[in-house]
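Given next are the chains, with one letter for each unit.
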Amino acid sequence: TIRIYDLRALKELACLKKEGDFNSINSVGFSKSGQFLFAGSNNSSKINFWDILNDVNTSMYTYEHKGNTKGVKQVCIDSTGSNISYITEETINIIK
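Residues numbered from 1 in each chain as written. Predicted model: local features only at pLDDT ≥ 70, side-chain atom pairs only at ≥ 80, totals over all residues. Heavy atoms only, no water.

Draft legend 1. Seen up close, the overall build of the protein. Summing up its helical and strand segments, the protein has zero helices and nine strands in all. In sequence order, the protein lays out its α and β elements as β-β-β-β-β-β-β-β-β. Residue burial in the protein is summarised as follows: out of 96 residues, 35% are buried. Relative to all contacts within the protein whose residues are 6 or more apart in sequence, the contacts with residues 24 or more apart total 30%. (Helix = DSSP H or I, 4+ residues; strand = E, 2+ residues; numbered from the N terminus. Buried < 20%, exposed > 50% of the residue type's maximum accessible area, 1.4 Å probe, protein only. Contact = heavy atoms within 4.5 Å.)

Draft legend 2. Here's a closer look at the sheet that holds strand S8 (residues 84–87). Read across the sheet, three strands follow the order S7-S8-S9 without closing on themselves; strand pairing throughout is antiparallel. Here the strands that pair on one side only, and so sit at the sheet edges, are strand S7 (74–77) and strand S9 (92–95). Neighbour-to-neighbour, the strand axes of this sheet turn through a mean angle of 20 degrees, independent of strand direction. (Pairing = 2+ DSSP bridges. Axes fitted to C-alpha atoms, helices over the stretch in contact; angles between N-to-C directions.)

Draft legend 3. Spatial organisation of the side chain of serine 27. Here serine 27 lies in strand S3 (residues 25–30). Within polar-contact distance, the side chain of serine 27 engages the backbone nitrogen of valine 75 at 2.7 Å. Not counting the four nearest positions on each side in its chain, serine 27 is found in contact with Phe38, Ala39, Gly40, Lys73, Gln74 and Val75. (Polar contact = N/O pair within 3.5 Å; in protein donor to acceptor, adjacent residues only side chain to side chain.)

Draft legend 4. Local environment of the environment of glutamine 35. For glutamine 35, the location among the structural elements is in the loop between S3 and strand S4 (36–41). Taking C-alpha positions, glutamine 35 is 5.6 Å from isoleucine 52, a pair spaced 17 residues apart along the chain. Among all residues touching glutamine 35, those that are not within four sequence positions of it are Trp50, Asp51, Ile52, Leu53 and Asn54. Only 3.1 Å separates the side chain of glutamine 35 from the side chain of aspartate 51, close enough to count as a polar contact.

Draft legend 5. Structural detail: the environment of valine 75. Looking at the element boundaries, valine 75 is found in strand S7. Owing to a relative accessible area of 3%, valine 75 belongs among the buried residues under this scheme. Placed ten residues apart in sequence, valine 75 and serine 85 show a C-alpha to C-alpha distance of 5.9 Å. Residues within four places of valine 75 in sequence aside, it is in contact with Ser27, Val28, Phe38, Ala39, Gly40, Ile84, Ser85 and Tyr86.

This is the structure in structure tokens:
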């Protein structure tokens, strides 16, 4: 579960959930525009994407790293917002 809070209003804005093998979330990142949130899980080879400005409670896209059984350790978005990198125990990868 990922929870998004408005710190000025001190209230929860959204609770993002993904059913199945996506738990133990250890890395999140926002797109440059703030519209998309990306999350990697320690026990999954997948990176999930949410459009938090429109349909916040549904994971709109899942990218799966084939052959990765160790999970995603870190997710990063570059300063242009056009590339996502992620780290597994074995590799550093870039999604363009």
